[in-house]
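Structural overview
As a plain string of letters, each chain reads:
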Amino acid sequence: PPEEHTLWVAHVARKYLDHGWTSCVGAATAKPRLDVVIRNAIDAGDLPGPRYLAASQEITVLGNLGDESLPHIQYPEYNFGAIVNGPEDMRRIVRTFLKYGVDSIKVNLSGDNFVPGAGATTTWISDEEVAMAVRETKLRGKRVSVHARSCESVKMALRHGAEIIYHASYTDEEALDMLEAQKDRIFVAPGLSVLIKLLYEGEPYGIDRKKARAMGYEEELEAASKSLTEMHRRGIRVLPGGDYGFAWAPHWTNAMDLQYFVKYCGMTPMETIVAATRHGGAIMMRPKELGQVREGFLADLLLVDGDPVADLSILLDPKRLL
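Remember, predicted model here, so these are calculated numbers, not experimental data.

1. Here's the deal with the sheet that holds strand 4 (residues 82-84)
Strands pair in a sheet through their backbones, by hydrogen bonds, and they do so in one of two ways: parallel or antiparallel. Across the sheet, six strands lie side by side as 4-3-5-6-7-8; this open sheet has parallel pairing. On the outer flanks of this sheet lie strand 4 and strand 8 (187-189), each paired with one strand and no other. Each strand axis lies, on average, 25 degrees off the axis of its neighbour in the sheet, ignoring direction. Bridge count for strand 7 (residues 164-167) against strand 8 is three bridges, and the pairing is parallel.

2. Notes on the side chain of Ser145
Position of Ser145 relative to the elements: it lies in strand 6 (residues 143-148). Residues in contact with Ser145, not counting those within four places in the same chain, are Ala27, Ser104, Ile105, Lys106, Val107, Ile164 and Tyr166.

3. Looking at the pairing of strand 6
Within strand 6, six of the six residues are buried, leaving the element largely enclosed by the surrounding structure. Burial along strand 6 is two-sided: the face carrying Arg143, Ser145 and His147 and the face carrying Val144, Val146 and Ala148 are both buried. Relative to strand 6, strand 5 (residues 104-108) runs parallel, the two being bridged by five bridges. Paired with Asn108 across the two strands is His147, which belongs to strand 6. Following the backbone out of strand 5, through helix 4 (residues 127-139) and into the adjacent parallel strand 6, one traces a crossover that is right-handed. As paired strands, strand 6 and strand 7 are joined by four bridges and run parallel to one another. When the sheet's bridge partners are listed, Ala148 is paired in strand 7 with His167. With helix 5 (residues 151-160) bridging strand 6 and the parallel strand 7, this β-α-β connection has right-handed handedness.

4. Re the nonpolar core
Ranked by size, the top nonpolar core spans 70 residues in total, and within it Met90, Ile165, Leu179, Val188, Leu192 and Met231 carry the most contacts. The contact partners of Met231, leaving out residues within four places of it in the chain, are Ala168, Thr171, Leu176, Leu179, Val188, Ile236 and Val238. Counting seven residues, the second largest nonpolar core, distinct from the first, contains Tyr166, Ala189, Leu239 and Ile283.

5. Looking at the packing of helix 7 (residues 193-201) against helix 9 (residues 217-233)
For the pair helix 7 and helix 9, interaxial distance at closest approach is 9 Å and the crossing angle is 140 degrees. Between helix 7 and helix 9, the crossing angle belongs to the class labelled oblique. You can see that helix 7 and helix 9 cross each other, and the crossing is left-handed. Together, Val194, Leu195, Ile196, Leu198, Leu199 and Tyr200 of helix 7 and Tyr217, Glu218, Glu220, Leu221 and Ala224 of helix 9 make up the contact between the two elements. Across the contact of helix 7 with helix 9, the residue classes break down as nine nonpolar, no polar and two charged.

6. Looking at the packing of helix 1 (residues 2-18) against helix 2 (residues 34-43)
At a minimum axis separation of 10 Å, helix 1 and helix 2 run at an interaxial angle of 50 degrees. The angle between helix 1 and helix 2 falls in the class oblique. The handedness of the crossing between helix 1 and helix 2 comes out as right-handed. On the side of helix 1, the interface is formed by His5, Thr6, Val9, Ala10 and Ala13, while helix 2 contributes Leu34, Val37, Ile38 and Ile42.

Quick notes on the rules
- Residues numbered from 1 in each chain as written.
- Predicted model: local features only at pLDDT ≥ 70, side-chain atom pairs only at ≥ 80, totals over all residues.
- Heavy atoms only, no water.
- Pairing = 2+ DSSP bridges.
- Helix = DSSP H or I, 4+ residues; strand = E, 2+ residues; numbered from the N terminus.
- Axes fitted to C-alpha atoms, helices over the stretch in contact; angles between N-to-C directions.
- Contact = heavy atoms within 4.5 Å.
- Buried < 20%, exposed > 50% of the residue type's maximum accessible area, 1.4 Å probe, protein only.
- Right-handed = clockwise from strand over helix to strand, strands pointing away.
- Core = buried A, V, L, I, M, F, W, Y, C linked by side-chain atoms within 4.5 Å.
- Parallel < 35°, antiparallel > 145°, perpendicular 65-115°, else oblique.
- Left-handed = near helix turned anticlockwise from the far one by under 90°.
- Nonpolar A, V, L, I, M, F, W, Y, C, P; charged D, E, K, R; others polar.

So this is what it looks like as structure tokens:
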């Protein structure tokens, strides 16, 4: 219920701050106003938590990820996503979330391996619906983020001007060229945890290795690794931290992405730190303020008490970071 859920989210926000996450971008909220209420309380000083940008619910279409409605239980408010059918319906729901005060509108363009018959390589929404979502959002100066695993959904997001692309597992040369052409405007957050955790550690949650392969997780992880390594090579901003909060990837374990980026995205350890800090400041829309080092910090990296730095532990000293 919303009351208990709000209390839980307040607890989550505080724990993120306790675990060292000083800024967070909401990808999607589970109920229409959860993100907005918690963001406002943090901003007002009523609750401890990181700087936060609030998202809408996932906006989806019938049969796609986020549509959990059942034929015999017709209560839209029970659904995880907000279901639309056509451009005018999209206009209505986008305007509703903007009225609530969200910082971004989330739209599910592609399918997902969790959805029977609507896997990660499929694209379900229409160009007209996406165009309407972006138009209405930008009229009010807000950003559009998208769930886009399939290659076509990545291209659709770029054609229509979405700023934040979640996943981008499948690409081709055209999609990579489009991403590179807009690399100073867009952000990619792959959310690798769901692929890795369910493929290798999913058995306690009912998904053993055989089932995970049958669902397409091994194939998608291979495709995502190839896509993201090439994106990184081309200078596209790839950011860590996404798809946590599930049973198999709990809140506050987000820093696992730093390891995943080294293993699967062709990054060095320092490049993952840059992705989490410098690029993190940029996606928070405060690039000159957040994710930057203080004056004299680079010298500290080279010498501490006159001795060369042997590891990167100094980076974890909060007194040295913004």
